[in-house]
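Chains, contacts and geometry: an overview
Next come the chains, spelled out residue by residue.
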Amino acid sequence: MSDKPPISDQRTFARLEDDQASSYLAAIVASSEDAIIGESLDGTISSWNAAAERLYGYAADEALGRDVSIIVPPEGRDELSDLLERIRRGERIQQHRAERVRKDGTIILVSLSVSPVHDANGKIVGAATIARDVTEQKDAEDQVRAAALYARSLIEVNINPLVTISPAGKITDVNKATEAATGIPRDQLIGTDFADYFTEPETARAGYREVLKTGQVRDYSLSLRHVSGSVTDVEYNATVYRSEAGELQGVFAAARDVTESRALEDELRAMSLRDDLTGLYNRRGFALLAEQRLKESRRSGSILTIVYADLDHLKSINDAHGHNAGDLALGLCARALEATFRESDIVARIGGDEFVVLAEADAPSISTVTMRLKQELDRRTAASGLRFPVSLTIGSAHSRPPHAISLDDLLQQADQFMYEHKHRAAPQA
């Protein structure tokens, strides 16, 4: 006698298994975080899960039996017809982005996956649509694209050659100013060796290695070669850049054309526009260089600062210790200023006890520099063996393009602030 159940029992078991599978599938659909909609080939909605209610704002009893076009903006009806036609042909549609409209009229962006639904005989009888709201994702993507476009605009508007370089020393991107400086199109520059475009490639590589080692270089002198054979003297400022995870991505470098300023410096040397005692630029030399730097600042948009420094009590030093002591104090101030400020900054003695510096820096940076200046001057004074203190009273003023001001106005403002500081520091009677 066979242990196999009767045919009628087998059919019962099969129906139970089908019912269990259907219940399980229905539970999955109901609990899905994605909107799942069933529809006939003519677009009539046949199923509508809880996530669809949340996404589109229609309760199931409001949506069932209605045309799916209720969630499609008028301008999207042709797109809906095309989707249904593709389903009739048996296509599966993945990650299709489309606009949909909620019950309250809000337009949202959704990502759709649409699949044909077959009956027991394999005939296509409808479509199953899974929808996910990607409106916020689209907004985020738009913001990223806008930020990238904005950043690119800032790079391209810069008159200085800008370049990014891989850790291996290969160019990964350039701006139009670099194309103009080299005479080579961007697509031909990318992937080539950064150092090949300078008159001294090994010097360029040494500077690049220094950036990778220390994180940055400032005012690194190189000569950039154009395809025509002409040469441009430049000073490079470069820094490493990293990924969000902190991994080294490469080097960002910016070059400043110093051909004019170097020629002017050569002219100044020929004209002996320097102070005999300190070796710094005198008033005339400072004015010529500073005016040129201000013109460059207006073109590039960089912030310039005038630092006005006055040697305290020079007359008292001369009276008490002699003019040689006063000259020594002036020399200490000159050397301290040169040691504190960058080589590219313009340092001058413009009067008996007055010094000025024109620096490319903002107010917070200057505040830090002036503290270093005091420390440097104190150190040099202590090492000199002088029996009296040497100190400077300092004032500063800033030129910020496009609201740049004249050199005379900058000097006047810095001088005024310096005297205000000197007055506050003076002992009160």
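Quantities reported herein were computed from a predicted structural model and do not represent experimental measurements. (Residues numbered from 1 in each chain as written. Predicted model: local features only at pLDDT ≥ 70, side-chain atom pairs only at ≥ 80, totals over all residues. Heavy atoms only, no water.)

**Quick look at the packing of helix α12 (residues 323-340) against helix α13 (residues 363-384)**
Interaxial distance between α12 and α13 falls to 9 Å at its minimum, and their mutual angle equals 135°. Comparing their axes, α13 and α12 come out oblique. Where α12 crosses over α13, the two elements pack in a sense that is right-handed. Touching L332, C333, R335, A336, L337, A339 and T340 of α12 are V369, R372, L373, E376, L377, R380, T381 and S384, all from α13. Within the contact of α12 with α13, the residues separate by chemical class into 8 nonpolar, 3 polar and 4 charged. (Axes fitted to C-alpha atoms, helices over the stretch in contact; angles between N-to-C directions. Helix = DSSP H or I, 4+ residues; strand = E, 2+ residues; numbered from the N terminus. Parallel < 35°, antiparallel > 145°, perpendicular 65-115°, else oblique. Left-handed = near helix turned anticlockwise from the far one by under 90°. Contact = heavy atoms within 4.5 Å. Nonpolar A, V, L, I, M, F, W, Y, C, P; charged D, E, K, R; others polar.)

**Quick look at the sheet that holds strand β12 (residues 346-349)**
The 4 strands lie next to each other as β12-β13-β11-β14, forming an open sheet whose pairing is antiparallel. Sheet topology places β12 and β14 (392-399) at the edges, where each strand pairs with a single neighbour. Averaged over all pairs of adjacent strands, the angle between strand axes in this sheet comes to 15°, irrespective of strand direction. Here β12 runs beside strand β13 (residues 354-359); their pairing, made up of 4 bridges, is antiparallel. Note on β13: the bridge partner recorded for I346 is L358. Sitting on the sheet, α13 is in contact with β11 (304-311), β13 and β14, with an inclination near 160° to β14. (Pairing = 2+ DSSP bridges.)

**Remarks on the packing of aromatic side chains**
One pass over the full model with this rule turns up 5 aromatic pairs. Centroid distance F194 to Y208: 6.3 Å. Interplanar angle 40°. Geometry classified as tilted. Taken together, the positions of F194 in the loop between α7 (186-189) and α8 (201-214) and Y208 in helix α8 put the pair 14 residues apart, joining distant regions of the chain. Of the two residues, F194 and Y208, both sit in the buried class. An aromatic cluster is built from F194, F198, Y208 and Y236, whose rings are joined through pairwise contacts. When the ring centre of Y281 is taken as origin, the NZ or CZ atom of R274, which lies over that ring, is 3.9 Å away. (Phe/Tyr/Trp six-rings, centres within 6.5 Å; stacked < 30°, edge-to-face > 60°. Buried < 20%, exposed > 50% of the residue type's maximum accessible area, 1.4 Å probe, protein only. Lys NZ or Arg CZ within 6 Å of the ring centre and 35° of its normal.)

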